[in-house]
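The lines below spell out each chain.
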Amino acid sequence: MKIKLTEQELASGVLSPEMLEIAAEQVRVNGYVLFDKVLSDEKIKGIRDAFDPIFDEFIEKRGYNTGTNRAQMFLPFMQPFIDEEVIAHPIVMSVIEKVLGKGFNCSYFASDTPMPGSDYQAVHCDIMPLFPELTVPLPPFSLVVNIPLVDVTEENGPLEVWPGGTHLNPDNANHDTLDGSVNPNLHIVRAAEGMHSEKVFMSAGSIVIRDIRMWHRGTPNNSDYRRTNLAMIYNRHWYQSSCHTQIPRETYDALSKKAQEVVRNFRIGQPAQMPWEL
């Protein structure tokens, strides 16, 4: 579902109770929700201008790591990437709290970039089963937030998703199959061939919130420019996953109280690292 925020909602950072319920409902039932065009063009351009040279150096030193001409890259915890609207946008925080409850935390601060010439990924979910032995669906416990730095079109490799319940499979049916492995309980790639999917087209500066278990894949970038998504993961307060991101103490102290709360499990008091240093 694509939601176009009103000028009042953008200015106040507050959704009406009904719209907040609708957005959370879409994440719980459909697997994701899209808020169109939240961050300004000026802000996105500043982030993109800072990102591109770092990414170029990362590729030169480390190469592609998630498929042909496609790379995942951790972000250094510094401006402009840590803009308040990126890491703790009030509307996004309200939806995540509605779905995951109070005290949620961020465990992942990175990016995904299909370059020109990238190919299809295998259909996959982003996480291994929480309780593999269970044969009942579990409520959401981890959400991915994506912010595109360019308009996402048919040409430049949009994310393709399988909404409407793939995140609600029993735990033993959902596995991270990006590496080509086959889950013996459910052949995700084969099953997806006969199921409904949709490509997520959106403007630069939009914000997507999706259940980390929802099946998806990257598609080929047939344009002449990179298609970068900023990517963050937020979890229920009791769910802990390893976090590589380091935050200088003075940077942490300058954050808002909400941003401090959500990144509290990062490595605070250590110098920010460039992605090739990890």
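See the structure above.
As the structure is a computational prediction, the values presented were derived from the model and not from experiment.

Peer 1: Sorry if this is basic, but what is going on with the overall build of the protein chain here?
Peer 2: Each helix and strand in the protein chain was counted, giving 8 helices and 12 strands. For the protein chain, the C-alpha atoms occupy an extent of roughly 50 × 45 × 35 Å along the three principal directions. Within the protein chain, buried positions represent 54% of all 278 residues. Across the protein chain, contacts joining residues at least 24 apart in sequence account for 85% of those joining residues at least 6 apart. Surface exposure of the protein chain reaches about 12000 Å², of which carbon and sulfur atoms provide 52%. For the protein chain, the centre of its 25 positive side-chain charges and the centre of its 36 negative side-chain charges are spaced 3 Å apart.

Peer 1: In this structure, what is going on with the nonpolar core? I would like to understand it.
Peer 2: Generally speaking, a soluble globular protein has its nonpolar side chains buried in company with each other. Core analysis: the biggest nonpolar cluster contains 58 residues, and F35 and I87 have the highest contact counts within it. With residues near it in sequence (within four places) discarded, I87 still touches F77, F81, I82, M93, F109, M232, Y234, L255, A259 and V262. Within the second largest apolar cluster, 10 residues are counted, among which are Y108, A110, I212 and A231.

Peer 1: Would you mind showing me how to read the sheet that holds strand β8 (residues 207–211) here?
Peer 2: Sheets are built from strands paired through backbone hydrogen bonds, the pairs being either parallel or antiparallel. Across the sheet, 7 strands lie side by side as β1-β2-β8-β5-β10-β4-β3; this open sheet has mixed pairing. Single-partner strands in this sheet number two, and they are β1 (2–4) and β3 (70–74). Across the sheet, the axes of successive neighbouring strands diverge by a mean angle of 25°, strand direction being ignored. Here 7 bridges tie strand β4 (residues 105–114) to strand β10 (residues 229–235), and the two strands are oriented antiparallel to one another. Among the inter-strand pairings, S111 is bridged to a residue of β10, identified as L230.

Peer 1: Any chance you could explain helix α5 (residues 90–100) here in plain terms?
Peer 2: Among the residues of α5, I91, V92, M93, V95, I96, V99 and L100 are the ones counted as buried. Positive phi shows up at G101, right after α5, with a value of about 90°.

Peer 1: Would you mind showing me how to read unusual backbone geometry here?
Peer 2: Most peptide bonds are trans, and most residues other than glycine sit at a negative phi. The amide bond that connects Q79 to the next residue, P80, takes the cis arrangement and shows omega of 5°. Of note, P80 is situated in the loop between β3 and α4 (84–87). Phi at K37 is positive, roughly 55°, even though this residue is not glycine. Here K37 shows up in the loop between β2 (32–36) and α3 (41–62).

Peer 1: Mind showing me how you'd approach the packing of aromatic side chains here?
Peer 2: When we look at a pair of aromatic rings, we describe it by the centre distance and by the angle of the planes. For the structure shown, the criterion picks out 7 aromatic pairs. Seen in terms of ring centroids, F51 and F55 are 5.5 Å apart; in terms of plane orientation they differ by 20°. Their pairing is stacked. With F51 and F55 both in helix α3, this residue pair falls 4 residues apart, about one helical turn. Residue F51 is classed as buried on the basis of its relative accessible area, which comes to 0%. Each residue in the set F77, F109 and F266 is aromatic and connected to the rest through ring pairs, giving one cluster.

Peer 1: For this particular structure, what's the right way to read the pairing of β8?
Peer 2: It is a general feature of regular strands that their side chains alternate between the two faces of the sheet. Judged by how many residues are buried, β8 sits mostly within the fold: 5 of 5 residues are covered. Residues I207, I209 and D211 of β8 are buried on one face, and the alternating residues V208 and R210, pointing to the opposite face, are buried as well. Alignment of β2 against β8, held across 4 bridges, turns out to be antiparallel. Looking at β8, one finds that V33 is bridged to I209. Here 4 bridges tie strand β5 (residues 142–148) to β8, and the two strands are oriented antiparallel to one another. From the neighbouring strand, N146 faces β8, where its bridge partner is V208.

Rules of the game
- Residues numbered from 1 in each chain as written.
- Predicted model: local features only at pLDDT ≥ 70, side-chain atom pairs only at ≥ 80, totals over all residues.
- Heavy atoms only, no water.
- Helix = DSSP H or I, 4+ residues; strand = E, 2+ residues; numbered from the N terminus.
- Buried < 20%, exposed > 50% of the residue type's maximum accessible area, 1.4 Å probe, protein only.
- Contact = heavy atoms within 4.5 Å.
- Areas by Shrake-Rupley, 256 points an atom, 1.4 Å probe, with all protein chains shown as cover.
- Lys, Arg positive; Asp, Glu negative; His and termini not counted.
- Charge placed at Lys NZ, Arg CZ, Asp CG, Glu CD.
- Core = buried A, V, L, I, M, F, W, Y, C linked by side-chain atoms within 4.5 Å.
- Pairing = 2+ DSSP bridges.
- Axes fitted to C-alpha atoms, helices over the stretch in contact; angles between N-to-C directions.
- Phe/Tyr/Trp six-rings, centres within 6.5 Å; stacked < 30°, edge-to-face > 60°.

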